[in-house]
Amino acid sequence: MSDDKVRIGWVGCGRMGTAMAKRLVVAKYDVTVTNRTRAKAEVLGELGAKVVDTPRDLAGCDVIFIMVSADKDLLAVTTGPDGIVSSDVVPKVVVDCSTVSSTTSAQVRAAMAARNVGFLAAPVSGNPKVVASGKLTLAVSGMRDAYETVRPYLNELGHGVTYVGDGEVARLVKICHNMFLGIVAQAMAEITVLAERGGIPRSAFLEFINNSVMGSTFTRYKTPAFVNLDFTPTFTPVLLRKDFDLGMAEAKKMNVPMPLSALCTEIVVSAIGAGYRDEDFAVLLLEEARSAGLVLEPENIEVDDGLGAKS
(Lines give C-alpha, C1' and ligand atoms only; values in the text may rest on other atoms or scores of the structure.)
Protein backbone atom coordinates (compact mmCIF):
# COMPACT_ATOMS: atom_id res chain seq x y z
CA MET A 1 0.00 0.00 0.00
CA SER A 2 1.37 3.39 -0.97
CA ASP A 3 0.94 6.02 1.76
CA ASP A 4 -0.74 8.49 -0.59
CA LYS A 5 -3.46 5.97 -1.45
CA VAL A 6 -3.99 4.09 1.80
CA ARG A 7 -7.39 4.55 3.40
CA ILE A 8 -7.39 4.41 7.20
CA GLY A 9 -10.45 3.71 9.33
CA TRP A 10 -10.71 4.57 13.01
CA VAL A 11 -13.20 3.09 15.50
CA GLY A 12 -13.57 4.80 18.89
CA CYS A 13 -13.38 8.55 19.48
CA GLY A 14 -13.12 8.80 23.24
CA ARG A 15 -10.36 10.90 24.79
CA MET A 16 -7.54 8.56 23.78
CA GLY A 17 -9.02 7.56 20.43
CA THR A 18 -9.56 11.16 19.41
CA ALA A 19 -6.04 12.19 20.43
CA MET A 20 -4.49 9.30 18.51
CA ALA A 21 -6.63 9.59 15.37
CA LYS A 22 -5.96 13.32 15.30
CA ARG A 23 -2.27 12.64 14.69
CA LEU A 24 -3.12 10.68 11.54
CA VAL A 25 -5.57 13.34 10.36
CA VAL A 26 -3.08 16.16 10.95
CA ALA A 27 -0.44 14.10 9.07
CA LYS A 28 -2.80 14.32 6.06
CA TYR A 29 -3.70 10.64 5.79
CA ASP A 30 -7.10 9.71 4.35
CA VAL A 31 -8.92 8.92 7.62
CA THR A 32 -12.54 7.87 8.16
CA VAL A 33 -13.79 7.72 11.76
CA THR A 34 -16.76 6.31 13.59
CA ASN A 35 -17.96 6.34 17.19
CA ARG A 36 -21.01 5.01 18.98
CA THR A 37 -21.90 8.62 19.82
CA ARG A 38 -21.41 10.33 16.47
CA ALA A 39 -21.01 13.81 18.00
CA LYS A 40 -17.64 12.78 19.48
CA ALA A 41 -16.39 11.79 16.04
CA GLU A 42 -17.43 15.14 14.56
CA VAL A 43 -14.49 16.79 16.35
CA LEU A 44 -12.21 14.89 13.99
CA GLY A 45 -14.52 15.68 11.10
CA GLU A 46 -13.83 19.37 11.66
CA LEU A 47 -10.12 18.62 11.18
CA GLY A 48 -10.64 16.86 7.87
CA ALA A 49 -11.61 13.26 8.67
CA LYS A 50 -14.67 11.67 7.10
CA VAL A 51 -17.31 10.62 9.64
CA VAL A 52 -19.54 7.56 9.26
CA ASP A 53 -22.17 5.97 11.47
CA THR A 54 -20.92 2.42 12.13
CA PRO A 55 -17.79 0.25 11.80
CA ARG A 56 -19.55 -1.52 8.94
CA ASP A 57 -19.42 1.78 7.04
CA LEU A 58 -15.62 1.61 7.06
CA ALA A 59 -15.80 -0.97 4.25
CA GLY A 60 -13.20 0.01 1.71
CA CYS A 61 -10.59 1.09 4.25
CA ASP A 62 -7.24 -0.68 3.94
CA VAL A 63 -6.29 -0.45 7.62
CA ILE A 64 -8.65 -0.01 10.57
CA PHE A 65 -7.55 1.07 14.04
CA ILE A 66 -9.70 0.40 17.12
CA MET A 67 -9.62 2.16 20.50
CA VAL A 68 -12.57 1.14 22.67
CA SER A 69 -13.14 0.72 26.39
CA ALA A 70 -13.88 -2.93 27.07
CA ASP A 71 -14.02 -6.49 25.76
CA LYS A 72 -17.71 -6.29 24.87
CA ASP A 73 -17.08 -3.11 22.87
CA LEU A 74 -14.31 -4.77 20.87
CA LEU A 75 -16.58 -7.69 20.04
CA ALA A 76 -19.38 -5.33 19.03
CA VAL A 77 -17.26 -3.25 16.64
CA THR A 78 -15.58 -6.25 15.04
CA THR A 79 -17.94 -9.24 14.93
CA GLY A 80 -21.27 -7.56 15.84
CA PRO A 81 -24.16 -6.94 13.39
CA ASP A 82 -22.60 -3.62 12.31
CA GLY A 83 -19.03 -4.68 12.93
CA ILE A 84 -16.01 -4.53 10.69
CA VAL A 85 -16.39 -8.08 9.34
CA SER A 86 -20.17 -7.79 8.82
CA SER A 87 -19.49 -6.20 5.41
CA ASP A 88 -18.64 -8.03 2.19
CA VAL A 89 -15.54 -5.81 1.90
CA VAL A 90 -12.98 -6.14 4.68
CA PRO A 91 -9.69 -4.36 5.45
CA LYS A 92 -6.24 -5.85 4.98
CA VAL A 93 -5.23 -5.24 8.61
CA VAL A 94 -7.06 -4.39 11.84
CA VAL A 95 -5.02 -2.86 14.69
CA ASP A 96 -6.61 -2.97 18.14
CA CYS A 97 -5.12 -0.46 20.57
CA SER A 98 -7.67 -1.16 23.32
CA THR A 99 -6.79 -2.76 26.65
CA VAL A 100 -8.76 -6.02 26.61
CA SER A 101 -8.31 -9.59 27.75
CA SER A 102 -6.18 -12.07 25.82
CA THR A 103 -9.21 -14.35 25.55
CA THR A 104 -11.33 -11.75 23.77
CA SER A 105 -8.39 -10.68 21.64
CA ALA A 106 -7.83 -14.27 20.51
CA GLN A 107 -11.55 -14.60 19.70
CA VAL A 108 -11.42 -11.51 17.49
CA ARG A 109 -8.16 -12.67 15.90
CA ALA A 110 -9.83 -15.93 14.88
CA ALA A 111 -12.80 -14.07 13.38
CA MET A 112 -10.43 -11.86 11.40
CA ALA A 113 -8.37 -14.82 10.20
CA ALA A 114 -11.56 -16.43 8.88
CA ARG A 115 -11.92 -13.40 6.57
CA ASN A 116 -8.18 -13.25 5.74
CA VAL A 117 -7.75 -10.04 7.73
CA GLY A 118 -4.48 -9.49 9.57
CA PHE A 119 -5.04 -8.66 13.24
CA LEU A 120 -2.59 -6.89 15.52
CA ALA A 121 -2.90 -6.35 19.26
CA ALA A 122 -1.31 -2.95 19.92
CA PRO A 123 -2.08 -1.71 23.45
CA VAL A 124 -0.62 1.67 24.33
CA SER A 125 1.10 3.42 27.22
CA GLY A 126 0.13 7.03 27.79
CA ASN A 127 -2.77 9.44 28.07
CA PRO A 128 -4.09 12.14 25.70
CA LYS A 129 -1.44 14.63 26.87
CA VAL A 130 1.26 12.03 26.21
CA VAL A 131 -0.21 11.42 22.74
CA ALA A 132 -0.19 15.15 21.96
CA SER A 133 3.46 15.40 23.01
CA GLY A 134 4.40 12.57 20.64
CA LYS A 135 5.57 10.30 23.47
CA LEU A 136 3.01 7.52 23.20
CA THR A 137 4.44 3.98 23.20
CA LEU A 138 2.87 0.85 21.73
CA ALA A 139 3.55 -2.88 22.13
CA VAL A 140 2.45 -4.83 19.06
CA SER A 141 1.89 -8.55 18.51
CA GLY A 142 0.57 -10.62 15.64
CA MET A 143 1.80 -11.64 12.20
CA ARG A 144 5.05 -9.88 11.36
CA ASP A 145 4.01 -9.08 7.79
CA ALA A 146 0.86 -7.32 9.05
CA TYR A 147 3.03 -5.32 11.45
CA GLU A 148 5.39 -4.26 8.66
CA THR A 149 2.39 -3.16 6.58
CA VAL A 150 1.10 -0.75 9.23
CA ARG A 151 4.35 0.28 10.91
CA PRO A 152 4.46 3.72 9.21
CA TYR A 153 1.04 4.58 10.65
CA LEU A 154 1.92 3.22 14.09
CA ASN A 155 5.00 5.45 14.05
CA GLU A 156 2.74 8.47 13.48
CA LEU A 157 0.97 7.70 16.77
CA GLY A 158 4.03 7.86 19.02
CA HIS A 159 7.78 7.59 19.35
CA GLY A 160 8.07 4.05 20.70
CA VAL A 161 6.62 1.16 18.69
CA THR A 162 7.88 -2.28 19.71
CA TYR A 163 7.04 -5.55 17.97
CA VAL A 164 6.92 -8.11 20.80
CA GLY A 165 5.92 -11.35 19.03
CA ASP A 166 3.02 -13.42 17.78
CA GLY A 167 -0.52 -13.83 19.03
CA GLU A 168 -1.64 -12.03 22.18
CA VAL A 169 1.71 -11.43 23.90
CA ALA A 170 1.26 -7.65 23.61
CA ARG A 171 -1.66 -7.98 26.04
CA LEU A 172 0.70 -9.44 28.66
CA VAL A 173 3.19 -6.65 27.97
CA LYS A 174 0.46 -4.09 28.75
CA ILE A 175 -0.56 -5.86 31.97
CA CYS A 176 3.06 -6.03 33.14
CA HIS A 177 3.49 -2.36 32.25
CA ASN A 178 0.47 -1.32 34.31
CA MET A 179 1.59 -3.37 37.28
CA PHE A 180 4.93 -1.56 37.08
CA LEU A 181 3.04 1.77 37.04
CA GLY A 182 1.32 0.83 40.28
CA ILE A 183 4.51 -0.31 41.98
CA VAL A 184 6.42 2.84 40.98
CA ALA A 185 3.51 5.09 42.03
CA GLN A 186 3.39 3.45 45.46
CA ALA A 187 7.17 3.76 45.90
CA MET A 188 6.97 7.40 44.81
CA ALA A 189 4.17 8.01 47.33
CA GLU A 190 6.12 6.45 50.20
CA ILE A 191 9.37 8.36 49.66
CA THR A 192 7.51 11.63 49.06
CA VAL A 193 5.60 11.30 52.33
CA LEU A 194 8.83 10.45 54.17
CA ALA A 195 10.49 13.56 52.72
CA GLU A 196 7.54 15.80 53.60
CA ARG A 197 7.39 14.44 57.15
CA GLY A 198 11.04 15.50 57.38
CA GLY A 199 10.12 19.07 56.41
CA ILE A 200 10.97 18.98 52.67
CA PRO A 201 8.41 20.52 50.26
CA ARG A 202 7.07 17.95 47.81
CA SER A 203 7.94 20.23 44.90
CA ALA A 204 11.59 20.48 45.98
CA PHE A 205 11.96 16.78 46.68
CA LEU A 206 10.40 15.72 43.39
CA GLU A 207 12.43 18.28 41.45
CA PHE A 208 15.54 16.63 42.87
CA ILE A 209 14.29 13.13 42.02
CA ASN A 210 13.33 14.16 38.48
CA ASN A 211 16.79 15.61 37.86
CA SER A 212 18.53 12.56 39.29
CA VAL A 213 19.20 9.16 37.70
CA MET A 214 15.92 7.99 39.29
CA GLY A 215 13.81 10.52 37.38
CA SER A 216 11.68 9.28 34.49
CA THR A 217 8.93 10.38 32.13
CA PHE A 218 6.49 8.83 34.60
CA THR A 219 7.81 10.58 37.73
CA ARG A 220 7.82 13.89 35.87
CA TYR A 221 4.27 13.76 34.61
CA LYS A 222 2.94 12.57 37.97
CA THR A 223 4.76 15.37 39.81
CA PRO A 224 2.00 18.00 39.27
CA ALA A 225 -0.56 15.63 40.81
CA PHE A 226 1.70 14.96 43.80
CA VAL A 227 2.58 18.64 44.33
CA ASN A 228 -0.84 20.23 43.76
CA LEU A 229 -3.03 17.25 44.72
CA ASP A 230 -4.83 17.39 41.37
CA PHE A 231 -6.18 13.89 40.87
CA THR A 232 -8.02 14.42 37.60
CA PRO A 233 -8.12 10.83 36.32
CA THR A 234 -5.82 9.44 33.67
CA PHE A 235 -6.03 5.88 35.08
CA THR A 236 -8.15 4.99 38.10
CA PRO A 237 -7.43 2.71 41.08
CA VAL A 238 -10.26 0.43 39.90
CA LEU A 239 -8.60 -0.06 36.52
CA LEU A 240 -5.22 -0.52 38.17
CA ARG A 241 -6.64 -3.21 40.44
CA LYS A 242 -8.06 -5.02 37.39
CA ASP A 243 -4.61 -5.17 35.82
CA PHE A 244 -2.95 -6.27 39.05
CA ASP A 245 -5.51 -9.07 39.33
CA LEU A 246 -4.90 -10.13 35.72
CA GLY A 247 -1.14 -10.01 36.21
CA MET A 248 -1.22 -11.99 39.42
CA ALA A 249 -3.39 -14.64 37.72
CA GLU A 250 -0.82 -14.92 34.90
CA ALA A 251 2.00 -15.14 37.45
CA LYS A 252 0.24 -17.98 39.25
CA LYS A 253 -0.33 -19.79 35.97
CA MET A 254 3.37 -19.50 35.05
CA ASN A 255 4.76 -20.10 38.57
CA VAL A 256 6.41 -16.69 38.84
CA PRO A 257 6.68 -15.36 42.43
CA MET A 258 5.50 -11.73 42.67
CA PRO A 259 5.74 -10.70 46.35
CA LEU A 260 6.04 -6.96 45.69
CA SER A 261 3.17 -7.02 43.20
CA ALA A 262 1.03 -8.97 45.66
CA LEU A 263 1.60 -6.30 48.32
CA CYS A 264 0.83 -3.47 45.91
CA THR A 265 -2.36 -5.24 44.86
CA GLU A 266 -3.54 -5.13 48.49
CA ILE A 267 -2.55 -1.46 48.82
CA VAL A 268 -4.63 -0.59 45.73
CA VAL A 269 -7.56 -2.62 47.09
CA SER A 270 -7.24 -0.65 50.34
CA ALA A 271 -7.32 2.67 48.44
CA ILE A 272 -10.49 1.59 46.64
CA GLY A 273 -11.99 0.56 49.97
CA ALA A 274 -11.22 4.05 51.30
CA GLY A 275 -13.44 5.46 48.54
CA TYR A 276 -10.90 6.30 45.85
CA ARG A 277 -12.54 4.88 42.75
CA ASP A 278 -12.82 7.60 40.10
CA GLU A 279 -9.75 9.70 40.86
CA ASP A 280 -6.32 9.22 39.31
CA PHE A 281 -4.32 6.39 40.86
CA ALA A 282 -1.87 9.03 42.14
CA VAL A 283 -4.26 9.16 45.13
CA LEU A 284 -2.01 6.41 46.50
CA LEU A 285 -0.14 9.43 47.85
CA LEU A 286 -3.11 10.41 50.01
CA GLU A 287 -3.49 6.87 51.39
CA GLU A 288 0.20 6.75 52.27
CA ALA A 289 -0.06 10.15 53.99
CA ARG A 290 -3.15 9.03 55.92
CA SER A 291 -1.30 5.92 57.12
CA ALA A 292 1.51 8.18 58.32
CA GLY A 293 -0.91 10.52 60.09
CA LEU A 294 0.04 13.36 57.75
CA VAL A 295 -2.44 15.79 56.20
CA LEU A 296 -1.25 17.05 52.82
CA GLU A 297 -2.09 20.45 51.39
CA PRO A 298 -1.80 21.55 47.75
CA GLU A 299 1.32 23.64 47.16
CA ASN A 300 -0.46 25.53 44.34
CA ILE A 301 2.59 26.20 42.23
CA GLU A 302 3.39 25.68 38.55
CA VAL A 303 5.19 22.41 37.93
CA ASP A 304 6.65 21.17 34.65
CA ASP A 305 5.16 17.77 33.77
CA GLY A 306 7.89 16.98 31.26
CA LEU A 307 5.37 16.91 28.42
CA GLY A 308 5.63 20.54 27.46
CA ALA A 309 2.96 21.79 29.86
CA LYS A 310 2.85 23.25 33.33
CA SER A 311 0.12 22.89 35.94
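Structure: above.
What comes next is a walk through the structure. It should be emphasised that the depicted structure is a prediction, and the values quoted were computed from it without experimental measurement.

**Thoughts on the pairing of strand β4 (residues 63-66)**
It is a general feature of regular strands that their side chains alternate between the two faces of the sheet. Along β4, one buried face is formed by V63 and F65 and the opposite face, lined by I64 and I66, is buried too. In terms of strand pairing, strand β1 (residues 7-11) meets β4 through four bridges, oriented parallel. Residue pairing for β4: W10 is matched across the bridge by F65. Strand direction decides the pairing type here: β4 and strand β5 (residues 93-96), joined by four bridges, are parallel. By the bridge assignment, F65 is partnered in β5 with V95. In this fold, β4 hands off to helix α3 (residues 71-79), which returns the chain to β5; that crossover is right-handed.

**Overview of the pattern of salt bridges**
What the rule picks out here adds up to 17 salt bridges. Here K222 ties to D280 by a salt bridge, and the two come within 2.7 Å at their closest N and O atoms. On the criterion of sequence distance, the pair formed by K222 in helix α9 (residues 217-228) and D280 in the loop between α11 (259-273) and α12 (284-291) is long-range, its members being 58 residues apart. Residue classification places K222 among the buried residues on the basis of a relative accessible area of 5%. Accessibility expressed as a relative area gives 1% for D280, which makes it buried.

**Points about the packing of aromatic side chains**
Within the structure shown, the criterion is met by six aromatic pairs. Here the aromatic rings of Y29 and Y153 are separated by 5.4 Å at their centres, their planes lie at 90°, and the arrangement is edge-to-face. Here Y153 lies in helix α6 (residues 144-157) and Y29 lies in the loop between α1 (15-26) and β2 (30-34), a separation of 124 residues in the sequence. Take Y29 and Y153: they sit in the same class, and that class is buried. Taken together, a centroid distance of 5.8 Å and an interplanar angle of 85° make the contact between F235 and F281 edge-to-face. Of the two residues, F235 is situated in the loop between α9 and α10 (237-253) and F281 in the loop between α11 and α12; the sequence distance between them amounts to 46 residues. Residue F235 shares its accessibility class with F281, and that shared class is buried. Put simply, the rings of F218, Y221, F235 and F281 touch in pairs and so form one group of aromatic residues.

**A word on the environment of D57**
Positionally, D57 belongs in the loop between β3 (50-51) and β4. Between the C-alpha atom of D57 and that of V33, which follows or precedes it by 24 residues, the distance is 9.5 Å.

**Things to note about α9**
Counting buried positions along α9 gives 10 out of 12 residues, so the element sits mostly inside the fold. Those residues of α9 lying buried are F218, T219, Y221, K222, T223, P224, A225, F226, V227 and N228. Each element contacted by the buried residues of α9 is listed here: α5 (128-132), α7 (169-197), α8 (202-211) and α12. Looking one or two residues past α9, L229 carries a phi angle of roughly 55°, positive in sign.

**Considerations on α6**
In a regular helix each residue adds 1.5 Å, so 14 residues correspond to 20 Å; α6 covers 19 Å between its end C-alpha atoms and thus fits that length. Along α6, the sharpest kink reaches roughly 55°, centred on R151 and followed within four residues by the proline P152. Taken residue by residue, α6 has A146, Y147, V150, Y153, L154 and L157 as its buried positions.

**Details of the packing of α7 against α10**
In the contact formed by α7 and α10, the axes pass within 9 Å of each other and the chain directions differ by 120°. One way to sum up the angle between α7 and α10 is to call them oblique. You can see that α7 and α10 cross each other, and the crossing is left-handed. Residues L172, I175, N178, M179, G182 and I183 of α7 form the contact with α10, whose participating residues are L240, D243, F244, L246, G247, M248 and E250.

**Observations regarding the environment of V131**
Considering the arrangement of structural elements, one finds V131 in helix α5. Sequence-wise, V131 and G273 are 142 residues apart; in three dimensions their C-alpha atoms are separated by 32 Å.

**As for the nonpolar core**
Within the largest apolar cluster, 38 residues are counted, with the highest numbers of intra-cluster contacts made by M20, F65 and V95. The residues touching M20, leaving out its near neighbours within four places in the chain, are W10, M67, C97, V124, V131, L136 and L157. Judged by nonpolar contacts, the second largest core, of 19 residues, contains M188, L206, A225 and L294.

**Some points on the packing of α8 against α9**
Close contact between α8 and α9 brings their axes to 10 Å; oriented N to C, the two are set at 175°. Here α8 is positioned roughly antiparallel relative to α9, judged by the angle of their axes. The segment α8 lies against α9, with R202, S203, L206, N210 and N211 engaging T219, R220, T223, F226 and V227. Of the residues belonging to the contact of α8 with α9, the class tally is three nonpolar, five polar and two charged.

**A look at the pairing of β5**
The side-chain alternation of β5 yields two buried faces, one formed by V93 and V95 and the other by V94 and D96. Here β5 runs beside strand β6 (residues 118-121); their pairing, made up of four bridges, is parallel. Note that in β6 the partner of D96 across the bridge is A121. What joins β5 to β6 is helix α4 (residues 102-114), and the crossover it makes is right-handed.

Rules used in this analysis
Residues numbered from 1 in each chain as written. Predicted model: local features only at pLDDT ≥ 70, side-chain atom pairs only at ≥ 80, totals over all residues. Heavy atoms only, no water. Buried < 20%, exposed > 50% of the residue type's maximum accessible area, 1.4 Å probe, protein only. Helix = DSSP H or I, 4+ residues; strand = E, 2+ residues; numbered from the N terminus. Pairing = 2+ DSSP bridges. Right-handed = clockwise from strand over helix to strand, strands pointing away. Salt bridge = Lys/Arg side-chain N within 4 Å of Asp/Glu carboxyl O. Phe/Tyr/Trp six-rings, centres within 6.5 Å; stacked < 30°, edge-to-face > 60°. Contact = heavy atoms within 4.5 Å. Expected span 1.5 Å × (residues − 1). Bend = angle between axes of the 7 residues up to and from the residue. Axes fitted to C-alpha atoms, helices over the stretch in contact; angles between N-to-C directions. Parallel < 35°, antiparallel > 145°, perpendicular 65-115°, else oblique. Left-handed = near helix turned anticlockwise from the far one by under 90°. Core = buried A, V, L, I, M, F, W, Y, C linked by side-chain atoms within 4.5 Å. Nonpolar A, V, L, I, M, F, W, Y, C, P; charged D, E, K, R; others polar.

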